[in-house]
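Observations on chain architecture
Chain by chain, the residues run as shown.
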2 protein chains.
Amino acid sequence: MKIGIKDIAKQANVSIGTVDRVLHNRGEVAKSTREQVLSIIDELGYTPNLLAKSLASKTKYTISALIPDPASNAYWQKPFAGIKAAAVEIKKFNFELQIAYFDYSNENSFIKKTDEILSSNPNGFIFAPVFYKSSLDVIEKCDQLELPYVFIDVFIENCKNLAYFGQNSAQSGYLAARLMNLSINQAVSHIYIVKPLNPSAPVYHLSLREKGFTTYFSEQTSNQAILHSLDVDISSPAVLFESLDTIFSSNHKPFGLFVANSRVHLVASYFEENKIKNVVLIGYDLLQENVEYLEKGIIQFLICQKPEEQGYKSVFALFTHLFLKDPVKKLNFSPIDIIMKENIEYYKNFKI
Amino acid sequence: MKIGIKDIAKQANVSIGTVDRVLHNRGEVAKSTREQVLSIIDELGYTPNLLAKSLASKTKYTISALIPDPASNAYWQKPFAGIKAAAVEIKKFNFELQIAYFDYSNENSFIKKTDEILSSNPNGFIFAPVFYKSSLDVIEKCDQLELPYVFIDVFIENCKNLAYFGQNSAQSGYLAARLMNLSINQAVSHIYIVKPLNPSAPVYHLSLREKGFTTYFSEQTSNQAILHSLDVDISSPAVLFESLDTIFSSNHKPFGLFVANSRVHLVASYFEENKIKNVVLIGYDLLQENVEYLEKGIIQFLICQKPEEQGYKSVFALFTHLFLKDPVKKLNFSPIDIIMKENIEYYKNFKI
DNA sequence: TTGCATTCCGTTAGCGCACACGGCAAATAT
DNA sequence: ATATTTGCCGTGTGCGCTAACGGAATGCAA
């Protein structure tokens with residue numbers, strides 16, 4: 001016996017119209033009847049039938065999402081897929097999703113797109129605040145417009161964001177270091193932290209991951225590892241390979257390389273070409289190319305963060321807030337998955 | 001512009017009643033109009049509005065689930081939680097879930113409960129076929145009744161089950177061996193495979209996991225590991241501890257222990273009490289006690305299989321089949337999660 | 001007293017679908 | 001010829017809710 005507005009109306013000696021008005025703060029209701037109805041709602045424990053609600057409701061919701069262009073950034077195809085999957089699911093509740101892209105190495109494109117989105121008056125906004133300063137402007141505007149916004153991938157502190165979905169970057173670097181250390185069985189080992197950079201693109205995650213990595217080793221008392229940090233420009237592969245040449249011909253021969261983002265496949269291709277073996281290679285994310293090198297045994301570990309899920313859940317957070325009007329957890333860290341050749345099989349497919 | 005039955009009716013010059021009849025194979029429709037309607041449904045790409053459907057529909061569905069009693073088996077609390085979570089979600093679609101329990105070490109309780117469930121005529125059935133022979137009987141009855149059934153946790157081959165949700169046990173043992181091997185840096189290492197047994201309870205998973213574990217080491221050419229298999233009775237802790245005493249006082253001092261199920265915390269408590277250090281301990285599942293020993297550093301690795309998700313998805317498979325009438329993937333292996341002290345934080349909470 | 005806001009509230013038409021009911025014509029029986 | 005069955009199909013109601021519309025009661029000014 002589910003309680004409906006009809007039951008409330010009967011109990012309160014009013015019509016369903018009045019009940020509806022107090023439920024939605026619409027129209028005018030006498031204070032006394034309003035309180036009467038509210039108390040009965042509370043007493044009977046009324047919860048709306050969402051199916052009937054969205055069937056009858058004519059109000060449409062629009063959610064905008066702004067992420068780096070997946071066409072030129074393989075990683076972002078995954079949050080993109082998650083967002084699209086969620087979009088399909090909430091379409092039946094009159095939710096429309098508009099996805100826009102910006103150029104990861106061009107702050108102006110980010111600014112321009114946010115302006116466009118905000119002037120289209122969406123009901124919710126999901127974005128990756130990779131450019132700190134510009135993002136602060138966006139955040140201020142959202143706060144003024146009382147537009148709920150969700151951070152994805154990158155986290156900015158002290159904001160009124162509805163939620164954040166992403167990884168604890170420092171901790172993932174810390175874990176990578178543990179895995180690297182586990183693989184060490186030599187007296188003295190040179191470890192290289194490789195940061196594949198795109199000039200003019202943000203490096204926020206990279207430095208956090210590096211920090212976590214170095215922190216781990218600094219905590220080890222019986223530590224025989226010597227860390228080297230290496231920034232490489234990946235705008236052309238040649239430059240990257242040259243840097244790697246330098247390392248491998250130096251007298252600090254690498255025992256392991258920690259590549260701080262998903263470009264680890266570039267390093268792996270260098271390994272393959274130069275027949276480098278017995279060097280531990282750890283990187284990030286289940287890009288197709290990375291998966292292949294993991295299966296070949298060239299990459300030993302991939303750290304993954306369920307990016308599809310991040311996209312999916314970002315959308316759902318706004319749905320929960322706007323439609324269900326339920327509270328949303330603000331800080332949502334993705335699991336830090338450890339992927340090896342032996343368990344990759346069960347992580348390949350994205351499904352919710 | 002979503003296509004509804006009204007649109008189809010108009011296009012086919014019939015009433016919505018007729019459209020409804022061909023959609024549900026109900027009532028009598030002339031063959032010619034039936035084909036006409038069907039072709040238009042196909043042409044316009046009609047998909048029913050599930051919200052309106054379940055709002056209007058009066059048919060109730062009952063799903064029964066039968067699992068080992070969570071009260072006496074900590075592991076099964078997790079699939080149980082997943083099943084309950086799914087039950088809440090599909091309640092609005094007129095689905096009711098009835099959960100029954102059996103005694104893991106008493107085959108008769110399993111038989112009795114299945115009889116009860118089958119005579120209650122549910123629309124779908126989820127169960128853990130841990131007792132092979134009795135399960136075959138159940139399966140035969142389900143097939144006769146044309147009752148769709150889903151296996152959870154344990155898989156039986158060559159059945160017409162709608163789906164299976166569980167882990168690839170052998171592969172998880174294989175992965176555990178890889179992790180053990182990774183931790184080995186000694187010339188010759190004695191490794192113990194511990195199988196914590198409950199007399200008269202099934203041991204299916206245990207042997208598969210052991211098999212995977214030994215397979216890995218047999219494949220290693222430069223293998224310095226010597227494996228020992230150890231069955232221990234855990235009906236009383238004293239017996240277990242005695243067995244462990246024997247190992248640790250032998251002249252094959254363990255380098256590592258692989259405990260093939262979630263009882264690894266029992267072994268960990270022995271380690272703690274006897275101040276055993278530098279012995280690699282690998283086990284299964286995120287039971288609260290296991291988590292604590294992992295955080296203390298006594299357990300190094302926990303292999304996890306997202307049991308809540310298995311429960312959740314089992315229910316959803318039946319929902320998909322019964323309500324959406326969509327095809328369901330038959331073989332669904334859970335990921336084999338590697339949990340360490342450094343990433344446990346992000347696996348603790350179950351959320352879909 | 002009449003006129004006209006204002007405040008409050010009931011009524012009603014859908015939303016897309018399921019399903020019972022009943023109707024009309026052709027086929028068959030009496 | 002009329003009565004009855006049968007095949008086929010349209011209509012109407014309601015699921016629980018939203019939201020527009022309009023009506024009754026009250027207050028206040030002219």
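In this text, all values refer to a predicted model and were calculated from it rather than measured experimentally.

Criteria and cut-off values
- Residues numbered from 1 in each chain as written.
- Chains lettered and ligands numbered in written order.
- Predicted model: local features only at pLDDT ≥ 70, side-chain atom pairs only at ≥ 80, totals over all residues.
- Heavy atoms only, no water.
- Pairing = 2+ DSSP bridges.
- Helix = DSSP H or I, 4+ residues; strand = E, 2+ residues; numbered from the N terminus.
- Axes fitted to C-alpha atoms, helices over the stretch in contact; angles between N-to-C directions.
- Contact = heavy atoms within 4.5 Å.
- Near = heavy atom within 4 Å.
- Polar contact = N/O pair within 3.5 Å; in protein donor to acceptor, adjacent residues only side chain to side chain.
- Nonpolar A, V, L, I, M, F, W, Y, C, P; charged D, E, K, R; others polar.
- Buried < 20%, exposed > 50% of the residue type's maximum accessible area, 1.4 Å probe, protein only.
- Right-handed = clockwise from strand over helix to strand, strands pointing away.
- Least-squares fit on C-alpha atoms with pLDDT ≥ 70 in both.
- Buried area = accessible area lost by both parts, 1.4 Å probe.
- Salt bridge = Lys/Arg side-chain N within 4 Å of Asp/Glu carboxyl O.

Here we look at the sheet that holds strand E1 (residues 61-68) of chain B
Residues and elements named next belong to chain B. If you walk across this open sheet you meet the six strands as E2-E1-E3-E4-E5-E11, and the pairing is parallel. A strand with exactly one partner marks an edge of an open sheet, and here the two such strands are strand E2 (95-102) and strand E11 (331-333). In this sheet, adjacent strand axes meet at a mean angle of 15° when their direction is disregarded. With three bridges joining them, strand E5 (residues 163-166) and E11 adopt parallel strand pairing. Across the sheet, the residue bridging to Tyr-164 is Leu-331, located in E11. Sitting on the sheet, helix H5 (residues 77-90) is in contact with E1, E2 and strand E4 (149-152), with an inclination near 165° to E2.

Concerning the protein's contact with DNA strand C
Taken together, 28 residues lie near DNA strand C, and Ser-15, Thr-18, Arg-21 and Ala-30 of chain A together with Ile-5 of chain B sit nearest. Protein-proximal atoms of DNA strand C, defined as those within 4 Å of the protein, fall in sugar or phosphate at a share of 67%. In this structure, a phosphate oxygen belonging to DNA strand C sits 3.0 Å away from a side-chain N or O atom of Thr-33 of chain A. With respect to DNA strand C, the backbone of Asn-49 of chain B contributes an N or O atom lying 3.2 Å from a phosphate oxygen. Listing elements by their share of the surface near DNA strand C, those giving two or more residues are helix H2 (16-24) and helix H4 (50-56) of chain A together with helix H1 (5-12), helix H2 (16-24) and helix H4 (50-56) of chain B. At four residues, the largest contribution of residues to the surface near DNA strand C is made by H2 of chain A. When the residues that make up the surface near DNA strand C are grouped by side-chain class, the tally is eleven nonpolar, ten polar and seven charged.

Things to note about the pairing of strand E6 (residues 189-197) of chain A
Residues and elements named next belong to chain A. Of all nine residues in E6, eight are buried, a share of seventy percent or more. The pairing of E6 with strand E7 (residues 225-233) spans nine bridges and is parallel. Bridge assignment links Val-194 to a residue of E7, and that residue is Leu-230. Where the polypeptide runs from E6 across helix H9 (residues 204-219) and back to E7, its parallel neighbour, the crossover connection is right-handed. Two strands pair when backbone bridges link them, and E6 and strand E8 (residues 254-259) are joined in this way by five bridges, in the parallel orientation. When the sheet's bridge partners are listed, Ile-193 is paired in E8 with Phe-258.

A look at the relation of the copies chain B and chain A
Least-squares fitting of chain B to chain A yields an RMSD of 0.2 Å, with the superposition described by an axial translation of 0.1 Å and a rotation of 180°. Here the transformation between the copies is reduced to the relation of a two-fold axis. When each C-alpha of chain B is compared by its distance to the rotation axis, Leu-51 of chain B comes out closest, at 2.5 Å. Comparing interface residues between copies, 97% of those in chain B also lie at the interface in chain A; the contact surface is shared.

Concerning the protein's contact with DNA strand D
Within the structure, DNA strand D sits among 26 residues, and Ile-5 and Asp-20 of chain A together with Ser-15, Thr-18 and Arg-21 of chain B are positioned closest to it. Near the protein, meaning within 4 Å, the atoms of DNA strand D are sugar or phosphate in a fraction of 65%, with bases accounting for the rest. In this structure, a phosphate oxygen belonging to DNA strand D sits 2.8 Å away from a side-chain N or O atom of Tyr-46 of chain A. At 3.4 Å, a backbone N or O of Ala-52 of chain A approaches a base nitrogen of DNA strand D. Going through the elements one at a time, helix H1 (5-12), H2 and H4 of chain A together with H2 and H4 of chain B are the ones with two or more residues in the surface near DNA strand D. Across the surface near DNA strand D, the residue classes tally to ten nonpolar, ten polar and six charged.

A few points about the interface of chain B and chain A
If you look at the interface, chain B gives 35 residues, while chain A gives 34 residues. At the boundary of chain B with chain A, total buried surface from both sides reaches about 3100 Å², with 63% on carbon and sulfur atoms. For chain B, the biggest contributors to the area lost against chain A are Leu-51, Glu-342 and Tyr-346 of chain B; these three give 25% of the whole. The interface formed by chain B and chain A contains two salt bridges. Here Arg-178 of chain A ties to Glu-342 of chain B by a salt bridge, and the two come within 2.8 Å at their closest N and O atoms. Across the chain B-chain A interface, the total number found is twelve residue pairs in polar contact (both at pLDDT 80 or more). Here the side of chain B that touches chain A takes six residues from helix H8 (residues 169-182) of chain B, the largest share from any one element.

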